[in-house]
Amino acid sequence: MFQIHIPAVKAFSVKEALKLIEENGKVLNGGTDILVIAKEIGISAEKLVDISGIEELKQIEVSAKKIVIGGAVTIDEAKNNPIIRSEFPALVFAAEQFASPQIRNRATWAGNIANASPAGDGMTALYAYDAVIQLRSKNGRREIPLTEFVKGVRKTELCEGEIITGIILPRGHGGEHFGSFIKVGQRKTLAISKVMVAVSALIKAGKIKKIGIALGAVAPVILRLTEVEQFLTGKKIDRDEAVRAGELARQAVKAIDDIRSTADYRKKVAGVIVERAILGLKSIE
Ligand SMILES: Cc1cc2nc3c(=O)[nH]c(=O)nc-3n(C[C@H](O)[C@H](O)[C@H](O)COP(=O)(O)OP(=O)(O)OC[C@H]3O[C@@H](n4cnc5c(N)ncnc54)[C@H](O)[C@@H]3O)c2cc1C
């Protein structure tokens, strides 16, 4: 296998990583974001603390009420996990459209969150599942909902010397798990999203028991479309309801102009993809 040698310091436990970061280091995980910008932000490879091999961060823990995706779990590792496939299908659909096989094999879910791009595909799917972030520093541990963790474009609540050790996802019971993920970019693959939507749904007797709709890349932070979720809860999915959901989404979105697209385009497309995502909800057998 082709390998690049990066002269970063490798940590073998979270405790060791926290100590090394305190000594003037920065976290290196899959490296698919930080190595691209390291020169630009003035970080030399020797200052990076590689956490990607820490065994305790490579786990996906499953208990009755939640699963925890470890802070060094890659996009592909979670995509291939049987519980994630059966109960969190929107994560799998997002992972399938994430970058390329090579990047998915290195990039982590925690890195996608720490990077805090509103065009983060993984993070948008995590928003749809009410993710909570587990953090650890030398001062202790804390948990914070993802919606509160992200403060703006590349701005988060992550403090100096802190590591994302896990991403908690509550398990929904009493229904079947459906999901969808639609990404609109310049190309079909290896594209940064202009607009994207992730939908999680728990469906019982043909009706929506619980739904999460997250819209990415339209605003400085990912949006949860709570009005649309309330409108759909308790309903059976049909074309009329999906069209109405799309209209509500279009009305709710305050989109931005940037180098990738215009606010007007994003608003229109947001409505279309919300409608299609509702109609396209599916489970993974
Ligand atoms: C060619 C290419 C295509 C891409 N395509 C996509 C795409 O389609 N969709 C998409 O969403 N992204 C894409 N990306 C961006 C990137 O792959 C993701 O954001 C990825 O999830 C980052 O994870 P990482 O493990 O590589 O993070 P790294 O690059 O290792 O780190 C990124 C940042 O997060 C911090 N960090 C990482 N892990 C932790 C942790 N556990 N605790 C605290 N801080 C941490 C680092 O210090 C750094 O500041 C692409 C990148 C490239 C190069």
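Residues numbered from 1 in each chain as written. Predicted model: local features only at pLDDT ≥ 70, side-chain atom pairs only at ≥ 80, totals over all residues. Heavy atoms only, no water.

## Remarks on the nonpolar core
- Ranked by size, the top nonpolar core spans 43 residues in total, and within it Leu91, Trp109, Leu146 and Leu169 carry the most contacts.
- It is helix H5 (residues 89-96) that provides the largest number of residues to this core, a total of 6 residues.
- Domain assignment of the residues forming this core places at least three in each of domain 2 (55-170) and domain 3 (176-279).
- Look past the residues within four positions of Leu91 in its chain and what remains in contact with it is Ile69, Ile84, Trp109, Ala125, Leu126, Tyr129 and Leu169.
- In terms of nonpolar packing, the next biggest core, distinct from the first, is built from 29 residues, Val184, Ala201, Ala219 and Val228 among them. (Core = buried A, V, L, I, M, F, W, Y, C linked by side-chain atoms within 4.5 Å. Buried < 20%, exposed > 50% of the residue type's maximum accessible area, 1.4 Å probe, protein only. Helix = DSSP H or I, 4+ residues; strand = E, 2+ residues; numbered from the N terminus. Domains from an automatic or database assignment. Contact = heavy atoms within 4.5 Å.)

## Looking at the packing of aromatic side chains
- The tally for this structure, following the rule as stated, stands at 1 aromatic pair.
- Considering the side-chain rings of Phe88 and Tyr129, the 5.1 Å spacing of their centres and the 70 degrees angle between planes classify their relative orientation as edge-to-face. In this pair, Phe88 sits in the loop between helix H4 (82-87) and H5 while Tyr129 sits in the loop between helix H8 (121-127) and strand E6 (132-137), placing the two residues 41 residues apart along the sequence.
- In this structure Tyr129 comes out as buried when scored by relative accessible area, which is 8%.
- For the cation-ring pair, Lys194 lies above Tyr265, with the distance from its terminal atom to the ring centre recorded as 5.7 Å.
- Lys235 extends its terminal NZ or CZ atom over the ring of Phe231, reaching a point 4.1 Å from the ring centre. (Phe/Tyr/Trp six-rings, centres within 6.5 Å; stacked < 30°, edge-to-face > 60°. Lys NZ or Arg CZ within 6 Å of the ring centre and 35° of its normal.)

## Re the domain arrangement of the chain
- Domain parsing of the chain yields domain 1 (9-50), domain 2 (55-170) and domain 3 (176-279).
- Inter-centroid distance (C-alpha atoms) of domain 2 to domain 3 is 20 Å.
- Listed per partner, the contact involves 24 residues of domain 2 and 26 residues of domain 3.
- Both faces considered, domain 2 and domain 3 share a buried interface measuring about 1900 Å² in area, 63% of it formed by carbon and sulfur atoms.
- It is Pro118, Thr124 and Tyr127 that lose the most area in domain 2 upon contact with domain 3, and together they represent 26% of the buried surface on that side.
- The tally of links between domain 2 and domain 3 comes to 3 salt bridges.
- Put simply, domain 2 and domain 3 have 9 residue pairs in polar contact (both at pLDDT 80 or more) between them.
- Where the side of domain 2 that touches domain 3 is concerned, the elements lending two or more residues are H4, H5, H8 and strand E8 (150-152).
- A total of 5 residues in the side of domain 2 that touches domain 3 trace back to one element, the largest contributor, which is H8. (Buried area = accessible area lost by both parts, 1.4 Å probe. Salt bridge = Lys/Arg side-chain N within 4 Å of Asp/Glu carboxyl O. Polar contact = N/O pair within 3.5 Å; in protein donor to acceptor, adjacent residues only side chain to side chain.)

## Description of the site of the ligand
- With respect to spatial proximity, 29 residues lie near the ligand, and among them Val27, Asn29, Thr32, Asp33 and Thr108 are the closest.
- Contact between the ligand and Thr108: an oxygen atom at 2.6 Å from a side-chain N or O atom of the residue.
- Ile164 is positioned with one of its backbone polar atoms (N or O) 2.8 Å from a nitrogen atom of the ligand.
- In the complex, 86% of the free accessible area of the ligand, which totals 980 Å², lies under the protein chains.
- If you tally residues by element for the shell around the ligand, the top one is helix H7 (residues 109-115), at 4 residues.
- For the shell around the ligand, the class distribution of residues is 16 nonpolar, 9 polar and 4 charged. (Near = heavy atom within 4 Å. Areas by Shrake-Rupley, 256 points an atom, 1.4 Å probe, with all protein chains shown as cover. Nonpolar A, V, L, I, M, F, W, Y, C, P; charged D, E, K, R; others polar.)

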